[in-house]
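Descriptive structure summary
Here is how the chains run, residue by residue.
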There are 2 protein chains.
Amino acid sequence: MAVSNWNQGAEDMCPYRLVLEHVTSRWGVLVLIALEGRSHRFSELRRAIGRVSEKMLTQTLQTLERDGLVHRDAKPVIPPRVDYSLTELGREAAAQVRGLAAWTERRMADVQKARTAYDEARS
Amino acid sequence: MAVSNWNQGAEDMCPYRLVLEHVTSRWGVLVLIALEGRSHRFSELRRAIGRVSEKMLTQTLQTLERDGLVHRDAKPVIPPRVDYSLTELGREAAAQVRGLAAWTERRMADVQKARTAYDEARS
DNA sequence: CGGTATCCAAAAGGATACTG
DNA sequence: CAGTATCCTTTTGGATACCG
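Here's a quick rundown of the structure.

This part covers the overall build of chain A. The helix and strand inventory of chain A stands at five helices and three strands. Sequence-ordered secondary structure for chain A, helices as α and strands as β, is α-α-β-α-α-β-β-α. Its C-alpha radius of gyration of 17 Å places chain A more than 25% over the 14 Å reference for a compact globule of 123 residues. For chain A, the spread of C-alpha atoms along the three principal axes comes to 60 × 35 × 25 Å. Carbon together with sulfur atoms contributes 51% to the accessible area of chain A, which is approximately 6700 Å² in total.

This is the structure we're talking about:
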């Protein structure tokens, strides 16, 4: 296990920024939003999120589980079945993230317009 | 200008995720929060955020400016003076980000506790 | 002061192969 | 199915030097 992993390391950053970065991380955001509606199995999450590698999804889920935002329920059956859901803490975080995501959807068109204007102004 | 820059490239990602990632990016979050209170000069921002390199701050500000969230006001004086502030779009985004940051501060202790429990459970 | 350009180190992230 | 382990590429980010 010599893999670079944001679970460990980063002892040099204040805990505040650390939590903020887990929650706002590329895949963290999408996992929280996906799990807000209902619990998902591992492969369901992959499909729901799209274009995420197994490695990154695993890493993200482990980080969020460690932070107490995600609950992992591994059923001892064959083939294995693992369900991920949000804890109370996770639901609170997801609500915040969802606000951000909703804003993004609402305002995306304006952002795109701003970008076009910016690019044209210096071409 | 062959530097890897998230302003350009990334044509392969949907615009929704792209905007979301700018707003939730490591330095984007902190810039939006810092600018929510009042406008800042470049070096003020560096001090306010702490531990951010010139390069990353510049890059972040350019991205947010291009997205129409940040307004850049460069006064033609010597020595140069540049003030950064939020646009209306930026204030909206900052309000969302602030919700997330406030939640993080409120719940940080619980997250830390969850982590300790998680780590002890498998040591 | 407020940047840009360049180089380099570190981290994130993907592909593949393998396992219980 | 739900991961791990390994290798490799890409991206991020810091340090430094320089410029208008």
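Next, the rest of the story.
It takes a turn of 180 degrees to lay chain B on chain A, together with a shift of 0.0 Å along the axis; the resulting RMSD is 0.1 Å. Those values place the two copies in the arrangement expected of a two-fold rotation axis. For chain B, the smallest separation between a C-alpha atom and the rotation axis is recorded for B:Thr24, amounting to 2.7 Å.

All names here are of chain B. Strand order in this open sheet of three strands is S1-S3-S2, and the pairing throughout is antiparallel. In this open sheet, the two edge strands, each paired with only one partner strand, are strand S1 (40-41) and strand S2 (70-75). In the sheet, S1 pairs with strand S3 (residues 81-86) via two bridges, with the strands oriented antiparallel. Bridge pairing links His 40 to Tyr 84 in S3. Seen against the sheet, helix H2 (residues 26-37) touches S1, S2 and S3 and runs at an angle of roughly 95 degrees to S3.

All names here are of chain A. Contact geometry of helix H1 (residues 15-24) with helix H2 (residues 26-37) gives a least axis separation of 5 Å together with a crossing angle of 65 degrees. Taken together, the residues of H2 that come into contact with H1 (itself represented by His 22, Val 23 and Thr 24) are Arg 26, Gly 28, Val 29 and Leu 32. A per-class count over the contact of H1 with H2 returns three nonpolar, three polar and one charged.

Contacts between the two partners involve 44 residues from chain B, matched on the other side by 44 residues from chain A. Together, B:Arg66, B:Trp103 and B:Arg115 form the three largest contributors to the area buried by chain B at its contact with chain A, with a combined 17%. Linking chain B with chain A are eight salt bridges. Across the pair B:Glu21 and A:Arg26 runs a salt bridge, and its minimum N-O distance is 2.9 Å. Looking at the side of chain B that touches chain A, the elements with two or more residues in it are helix H1 (15-24), H2, helix H4 (54-66) and helix H5 (88-121) of chain B. Here the side of chain B that touches chain A is built from residues that sort into 23 nonpolar, nine polar and twelve charged.

The next thing to look at is H1(A). Among the ten residues that make up H1(A), eight are buried, leaving the element largely enclosed by the rest of the structure. Every buried residue of H1(A) is accounted for by A:Tyr16, A:Arg17, A:Leu18, A:Val19, A:Leu20, A:His22, A:Val23 and A:Thr24.

Near DNA strand C, the surroundings consist of 22 residues, among which A:Lys55, B:Ser43, B:Thr58, B:Arg72 and B:Tyr84 are the closest. Here the atoms of DNA strand C within 4 Å of the protein split so that 62% fall in sugar or phosphate, with bases taking the remainder. Measuring from a base oxygen of DNA strand C, one finds a side-chain N or O atom of A:Lys55 at 2.5 Å. For DNA strand C, a phosphate oxygen lies 3.0 Å from a polar atom in the side chain of B:Gln62. Breaking the surface near DNA strand C down by element, the ones donating at least two residues are H2 and helix H4 (54-66) of chain A together with helix H3 (42-49), H4 and S3 of chain B. Element by element, the count of residues in the surface near DNA strand C is highest for H4(B), at four residues.

So, about the sheet that holds strand S1 (residues 40-41) of chain A. Residues and elements named next belong to chain A. Read from one edge to the other, the open sheet built from three strands follows the order S1-S3-S2, with strand pairing classed as antiparallel. For this open sheet the edge positions go to S1 and strand S2 (70-75), each flanked by a neighbour on one side alone. Two strands pair when backbone bridges link them, and S2 and strand S3 (residues 81-86) are joined in this way by six bridges, in the antiparallel orientation. Its bridge partner being in S3, Lys 75 is matched across the sheet by Arg 81.

Further remarks concern the packing of H4(A) against H5(B). Axis angle and axis distance: for two packed helices, these are the angle between their axes and the distance between the axes, and together they describe the pair. Contact pair H4(A) / H5(B): the axes reach a minimum separation of 8 Å and the direction vectors enclose 110 degrees. As far as their axial angle goes, H5(B) and H4(A) are roughly perpendicular. Across from A:Gln62, A:Glu65 and A:Arg66 in H4(A), the residues of H5(B) making contact are B:Ala114, B:Arg115, B:Tyr118 and B:Asp119.

What counts, and at which threshold
- Every chain begins its residue count from 1, and numbering advances along the sequence as written.
- Chain labels run from A onward and ligand labels from 1 onward, assigned in the order the entries are written.
- Since the coordinates come from a predicted model, pLDDT governs what is reported: local features require at least 70, and pairs of side-chain atoms require 80 or more to be given and counted, while whole-chain, interface and lining totals use all residues.
- With hydrogens and water excluded, all non-hydrogen atoms of the structure serve as input to the side-chain values.
- In DSSP terms, a helix is any run of H or I states spanning at least four residues, a strand is any run of E spanning at least two, and both are numbered starting from the N terminus.
- Here the globule rule is a power law, 2.2 Å times the number of residues to the power 0.38, and the radius of gyration is based on C-alpha atoms.
- Surface exposure here means Shrake-Rupley accessible area, sampled with a 1.4 Å probe, where a residue is shielded only by the protein chains that are shown.
- The fit set for superposing copies consists of C-alpha atoms from residues with pLDDT of at least 70 in both; the fit itself is least squares.
- One bridge is not enough; two strands pair if DSSP finds at least two bridges between them.
- Here, residues are in contact when the closest pair of their heavy atoms is within 4.5 Å.
- Structural elements are reduced to axes, namely lines fitted to C-alpha atoms, with helices fitted over the stretch in contact, and the angle between N-to-C directions of any two is expressed from 0 to 180 degrees.
- Charged means Asp, Glu, Lys or Arg here, nonpolar means Ala, Val, Leu, Ile, Met, Phe, Trp, Tyr, Cys or Pro, and polar covers whatever is left, Gly included.
- Note on terms: buried area is the combined drop in 1.4 Å-probe accessible area of two parts once they are placed together, counting the loss on both.
- The salt bridge definition used is simple: a Lys or Arg side-chain nitrogen within 4 Å of an Asp or Glu carboxyl oxygen.
- Per-residue accessibility, obtained with a 1.4 Å probe over protein chains only, is compared with the maximum for each type, and a residue is labelled buried under 20%, exposed over 50%, and partly exposed between these values.
- Proximity is defined per residue: if any heavy atom of the residue lies within 4 Å of a molecule or strand, that residue is considered near it.
- We define a polar contact as two N or O atoms separated by no more than 3.5 Å, with the added condition that, inside protein, one atom must be a possible hydrogen donor and the other a possible acceptor, whereas residues neighbouring each other in sequence contribute only through side-chain atom pairs.
- In this scheme, roughly parallel covers angles under 35 degrees and roughly antiparallel covers those over 145, while 65 to 115 is roughly perpendicular and the rest are oblique.

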